[in-house]
Structures are given as structure tokens and as C-alpha cells.
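Residues per chain are reported as follows:
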Amino acid sequence: MPNTYKIPETHPEFRLNKRHFTNAELKQVALSYIKEGEPYEQQIGSFLLDWLKPTSYIEVQTSGSTGTPKKLRLKKQHMINSAMATSKFFELPATTTALLCLPAEYIAGKMMLVRAMFLGWDLDTIPPSAIPLDNLFKVYDFAAMTPFQLDNSIARLHLVKKLIIGGGAVSPRLRKMLIDVDSKIFETYGMTETSSHIAAKRLNPKKKFKKARPFKLMPNVSISQDDRGCLVVKAPNVLDEEIVTNDVVEIVTYKKFLWKGRYDNVINSGGVKLFPEQIEQKLNSVLDHRFFVTSMPDESLGERLILFVEDDFSENTLEELKEQIDNIKALDKYEKPKKIYLIEKFEETPNGKIHRENTLKSKVS
């Protein structure tokens, strides 16, 4: 198959920072961004130049949130198909006003540009920051953010009618803060390989649900499970072959699934499979310090569940914690930690996330 590809001309309604550009004009914009722009504009310029080359694919970097960062080749046609699925699923036609507040270095930022060019959106770009809405006064139909950006934008969410969240889990604390927000906010499931999301669920539904809400699949996506119970994704519009993930799921219907946790993190304690992510969600109701759940080898159980909390050591704190955890009705008896460690300061990764493995190694002998 030849590697040439006719890049579709930009949609007549497409606007980038209030101006329409044809492909030829967009190339000039990209070059000036690279030459004279801010760092975030240079990233946009680099992507646009790559997009406008007559090749059928684009090289992208994965974020490394679930493994080592790596380079992938994505087909441009697959990216366009993903944009069309987003438009249909979230009801975002031509002339949708959208905000790009994520770096164009990664797939989420790149896809906002593809959607705008191909679907005819009116896209404004701003420097990616922890507080993306702070200096804005315009109302947008659509935007995408990380959970961290969402956390810092609660008071100004009226500026975005529909918002998708990706790139990390949304904590129960943050979910609670969204209950009375009028904007429609969705948590997404996806990966770089699928050109952004393949499923989504509403984070602040008008109807209150007692049970966990499942992810709903985008158009032309089907799923199954492998023998580990992990999600297998088949999406011919955005993937050449099916992808086997490390995400343990429960398939609710052919169009819906519940995410349970990462297979790599599953703890087998006395033959019972425990998912740290699910246990942490439940513990969030009583813990206001940073914490995480992990395991240690145990002669009788194989692995025993332990809890690390970032706090100064005190017998009183320990006793209080044990009592609070015992009173969490949602916690199964197997999900209650066998031991709690109070640690003054957690080990961290370069980007400020908790380094679980190093914390475990350095604090527990």
C-alpha cells in the first residue's frame, strides 16, 4: 500500500483563533508558530506541519501513564474517523465553539485540532495550564481537560457546556463537587492507539445512581474479554487490529462495561482478587491525606493488603483510622487493610505522582 495520502481540505466552517484557513494557509500559520510562537504554539505548529504532509500516518508519543512512553504510528484516516465518532456521540456539529487547553504534544491535544479542521469547529487555543479557565470570559460548547485541570476549574465550569476528562482517574471527592454543576461532564476511556477515547460516561448525571455507572462505547466499537478478564477492543474505524488491554473490566452489555482496575495491580489475598483502585475509591470517603493501597507477601494469604497514609506517626491517628475504615459499609471484609502504615512523606515520581514501589521499598523492611 503506498504511503501517500490526500489530506482533506479544511472544513469551510473551520476557525483557528477566529480565522478560517485553507490547508495551504494553515501551513504558513504552522511555520510562523514554529518560528515565532510560544512553546505551546510551537507544538501546535509541529503537529499541523506533520498533518499536512502527504503521508498516510502520523508519529505520536504515548503519555506513559500506564507504561513506558513509546512512539506509535497512527493513520490519519483513523484520526478523522475518531473525530467523526466524537461529533456523533457528543452531538457536536459544525460551528461548535471549542477550547484547546491541552498540549498538542500528546493525542488529546492533537485530536482537538483534527476535530476542528475536519468537523468545522471554531477552536481557540490557550497555553496549557493548571487553571485553564481563569482568564476566560467566553462560553464554549466543548473542551477537554485532565482531572487536575478540572479540579482547579470547578468555580468556572459554567464557561464550558460539554467537557470531557481523560488522562487519569477522577477521585470521589472531585465527583461530589460536580453534582450540582450544570455543564455536561464526561469521563472518557481510551488510549493513544485508539486516537483518543472509545468510550465515555457522564460524571454528573441528572438522575442519581446508587451503583457505579458503566462506560458506554462510541460508534463502531465492540469489546470482549481475554482469559484474565481484561478488556479487548475491536474498532475497525480507528484500529487495524484488536487491542488487548491490561484493564480488568466487567462487561454489562455489548455496549457498556465497568472498569475495575489494572491487571498489573491486582492483589491475590487468600484466593480473593482485590483491586486497589476500587478499594481506594471506597477509602476516599474517610481519608483526607494522600494514601494508597498495596500488598506485602504473607505466608498464609500469599499477599496481604496494606494501606499507606501520608501523615505523621501517632498511635491515636492509627486507632482513629482503623475505626473509620471498619465503619465503611461499602468495604468488603477482604478489602479492609491488614496493616496501616503512617509515612511522613511519600516517594514521588518526577511529575509529582506517588511512587508506590519506592515508598514500599524504603519504608517497610
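This is a predicted model, so every value here is computed, not measured. Position labels on residues start from 1 in each chain and follow its written sequence. Where local features are concerned, this predicted model is filtered to residues with pLDDT of at least 70; where side-chain atom pairs are given and counted, the filter is 80 or more; whole-chain, interface and lining totals use all residues. Derived side-chain values reflect all non-hydrogen atoms in the structure, with water molecules and hydrogen atoms excluded from consideration.

Colleague: Account for the overall build of the protein chain, naming residues and giving values.
Modeller: Secondary structure elements follow DSSP: runs of H or I of four or more residues count as helices, runs of E of two or more count as strands, with numbering from the N terminus. A tally of regular secondary structure across the protein chain gives nine helices and 19 strands. On C-alpha atoms alone, the protein chain measures out to a radius of gyration of 22 Å, which is about the 21 Å that the 2.2 N^0.38 rule sets for 365 residues. Buried residues are those whose accessible area, probed at 1.4 Å on protein chains only, stays under 20% of the maximum for their type, while exposed residues exceed 50% and partly exposed ones sit between those limits. Going through the 365 residues of the protein chain one by one, you find that 46% of them count as buried. Here, Shrake-Rupley sampling with a 1.4 Å probe gives the accessible areas, and only protein chains in the shown set may cover a residue. Looking at the protein chain as shown, the accessible area adds up to about 19200 Å², and 51% of this sits on carbon and sulfur atoms. Think of it this way: Lys and Arg go in the positive column, Asp and Glu in the negative one, and His and the chain ends go nowhere. One atom stands in for each charge, and that atom is NZ of Lys, CZ of Arg, CG of Asp or CD of Glu. Considering the protein chain, the positive charge centre built from 53 side chains and the negative charge centre built from 47 side chains are found 7 Å apart. The globule rule used for comparison is 2.2 Å times the number of residues to the exponent 0.38, while the radius of gyration itself is calculated over C-alpha atoms.

Colleague: Tell me about the nonpolar core, and name the residues and values.
Modeller: Ranked by internal contacts, the top residues of the largest apolar core, which has 61 residues, are Phe47, Trp51, Met79, Leu113 and Phe257. When residues in this core are grouped by element, the largest group, eight residues, is from helix α4 (residues 107–119). We call two residues in contact when some of their heavy atoms are within 4.5 Å. Setting aside chain neighbours within four positions, we find tryptophan 51 in contact with Ile7, Ile58, Lys76, Met79, Ile80, Val114 and Met117. Tyr140, Ala143, Leu150 and Leu178 belong to the second-largest nonpolar core, a separate cluster that totals 20 residues. Only buried residues count toward a nonpolar core. Its members are Ala, Val, Leu, Ile, Met, Phe, Trp, Tyr and Cys residues joined through side-chain atoms within 4.5 Å.

Colleague: For the pattern of salt bridges, give the residues involved together with the corresponding values.
Modeller: Whenever a carboxyl oxygen of Asp or Glu lies within 4 Å of a side-chain nitrogen of Lys or Arg, that contact is scored as a salt bridge. Enumeration according to the criterion identifies 15 salt bridges in this entry. A salt bridge links lysine 53 to aspartate 50, with the nearest nitrogen and oxygen atoms 3.1 Å apart. With relative accessibility at 29%, the residue aspartate 50 sits in the partly exposed group. Residue aspartate 226 is joined to arginine 228 by a salt bridge in which the shortest nitrogen-to-oxygen separation is 2.9 Å. Look at aspartate 226 and you get partly exposed, because its relative accessible area is 21%. On the basis of relative accessibility, which here comes to 26%, the residue arginine 228 falls in the partly exposed class. Taken together, the shared-partner salt bridges connect Lys18, Asp124 and Lys138 into one network.

Colleague: Any details on unusual backbone geometry? Residues and values, ideally.
Modeller: We note that asparagine 17 has phi near 50 degrees; this positive angle belongs to a residue other than glycine. Tracing the backbone through its elements, the reader meets asparagine 17 in the loop between β1 (15–16) and α1 (23–36). Under the relative-accessibility criterion, asparagine 17 is labelled partly exposed at 28%. Not every positive phi belongs to a glycine, and serine 196 is a case in point at roughly 85 degrees. Considering the arrangement of structural elements, one finds serine 196 in strand β9 (residues 196–202). Residue classification places serine 196 among the buried residues on the basis of a relative accessible area of 10%.

Colleague: Tell me about the pairing of strand β3 (residues 71–75), residues and numbers included.
Modeller: The two faces of β3 differ: Leu72 and Leu74 on one face are buried, but Lys71, Arg73 and Lys75 on the other face are not. By the convention used here, strands pair only if DSSP detects at least 2 bridges between them. Direction of pairing for strand β2 (residues 57–61) relative to β3: antiparallel, over a ladder of five bridges. Each bridged residue has a counterpart across the sheet, and for glutamine 61 the counterpart in β3 is lysine 71.

Colleague: Describe the sheet that holds strand β18 (residues 302–310), with residues and values.
Modeller: Taken together, the three strands give an open sheet; going across it, the order is β17-β18-β19, and neighbouring strands pair in mixed fashion. Of all the strands in the sheet, just β17 (291–298) and β19 (339–343) have a single pairing partner and so form its edges. Each strand of the sheet is rotated relative to its neighbour by a mean of 30 degrees, with strand direction disregarded. Pairing of β18 with β19, which is carried by five bridges, proceeds in the parallel orientation. Within β19, the position partnered with glutamate 310 by the bridge is isoleucine 343. Convention adopted: a line fitted to C-alpha atoms gives each axis, helices being fitted over their contacting stretch, and angles between N-to-C directions are expressed from 0 to 180 degrees.

Colleague: Any chance you could break down the sheet that holds strand β10 (residues 215–217) for me, citing the residues and the numbers?
Modeller: Taken together, twelve strands build an open sheet; the order of strands is β1-β5-β4-β6-β7-β8-β9-β10-β14-β13-β12-β11 and the sheet is mixed. Two strands lie at the open edges of the sheet, namely β1 and β11 (222–225), each paired on one side alone. With six bridges connecting them, strand β13 (residues 243–253) and strand β14 (residues 256–262) associate as antiparallel partners. Counterpart to aspartate 247 in the pairing with β14 is arginine 262.

Colleague: Give me the lowdown on helix α2 (residues 39–52), citing residues and values where you can.
Modeller: Multiply 1.5 Å by the residue count of a helix minus one, and that product is the helix's expected span. Helix length check: α2 (14 residues) gives 20 Å between terminal C-alpha atoms against 20 Å at 1.5 Å per residue, within 8%. Residues Tyr40, Glu41, Ile44, Gly45, Phe47, Leu48, Trp51 and Leu52 constitute the buried set of α2. Seen end-on, α2 carries its buried residues on one side only, within an arc spanning 165 degrees. An arc is given here, and it is the one of the directions from the helix axis to the C-beta atoms.

Colleague: Go over the packing of aromatic side chains with me, naming the residues and quoting the values.
Modeller: Working definition: a ring pair exists when centres of Phe, Tyr or Trp rings (six-membered ring for Trp) sit within 6.5 Å. Plane angles under 30 degrees give stacked, over 60 give edge-to-face, the rest tilted. All chains considered together, the criterion is met by eleven aromatic pairs. Between the aromatic rings of phenylalanine 308 and tyrosine 341, the centroid separation amounts to 5.3 Å while the plane-to-plane angle is 20 degrees, which identifies the pairing as stacked. In this pair, phenylalanine 308 sits in strand β18 while tyrosine 341 sits in strand β19, placing the two residues 33 residues apart along the sequence. Aromatic rings pair up to connect Phe89, Phe90, Trp121, Phe142 and Phe186 into one cluster. As a reminder, the over-ring test applies to NZ of lysine and CZ of arginine, requiring each to be within 6 Å of the ring centre and within 35 degrees of the ring normal. The ring of phenylalanine 137 has arginine 156 sitting right over it, with the charged end atom 5.3 Å from the ring centre. Above the face of the tyrosine 341 ring, lysine 339 is positioned so that its terminal group lies 5.2 Å from the ring centre.

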